[in-house]
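As a plain string of letters, each chain reads:
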Amino acid sequence: MTAQSANGVRGHLLNLIDGTVVFRVYDAEHNFVDYDLHHSDLCVTIDDTDAYFYHRDDQAILDHAPMTLGMTDGI
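Fair warning: this is a prediction, and the values are worked out from it, not measured in the lab.

J.: I would appreciate a short explanation of the sheet that holds strand 2 (residues 21-26) in the present structure.
T.: The strands that make up a sheet are held in pairs by hydrogen bonds between backbone atoms, and each pair lies either parallel or antiparallel. The three strands lie next to each other as 1-2-3, forming an open sheet whose pairing is antiparallel. Edge positions in the sheet fall to strand 1 (12-15) and strand 3 (32-36), since each has one partner strand and no second. Along the sheet, successive strands turn relative to each other by an average axial angle of 35°, direction set aside. Bridging between strand 1 and strand 2 involves four bridges; their strand directions are antiparallel. Opposite His12, over in strand 2, you have Arg24 as the bridge partner.

Calculation rules
- Residues numbered from 1 in each chain as written.
- Predicted model: local features only at pLDDT ≥ 70, side-chain atom pairs only at ≥ 80, totals over all residues.
- Heavy atoms only, no water.
- Pairing = 2+ DSSP bridges.
- Helix = DSSP H or I, 4+ residues; strand = E, 2+ residues; numbered from the N terminus.
- Axes fitted to C-alpha atoms, helices over the stretch in contact; angles between N-to-C directions.

Here it is, written out as structure tokens:
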């Protein structure tokens, strides 16, 4: 096993079809590595203009923007 710092690496959190959440990192040639998440308290900064927080009753949700989801009326 080898180790390399992940600090400062840009990637995507993906929810795969089987429900697994991975951190995907692409290289310059569009190849990627999916990393299983084992870190217990990873700090995250969202850098995505299509990311929105929603609050409904007792739910707190992070999803796409209302327009992306087809919510042209009020939320």
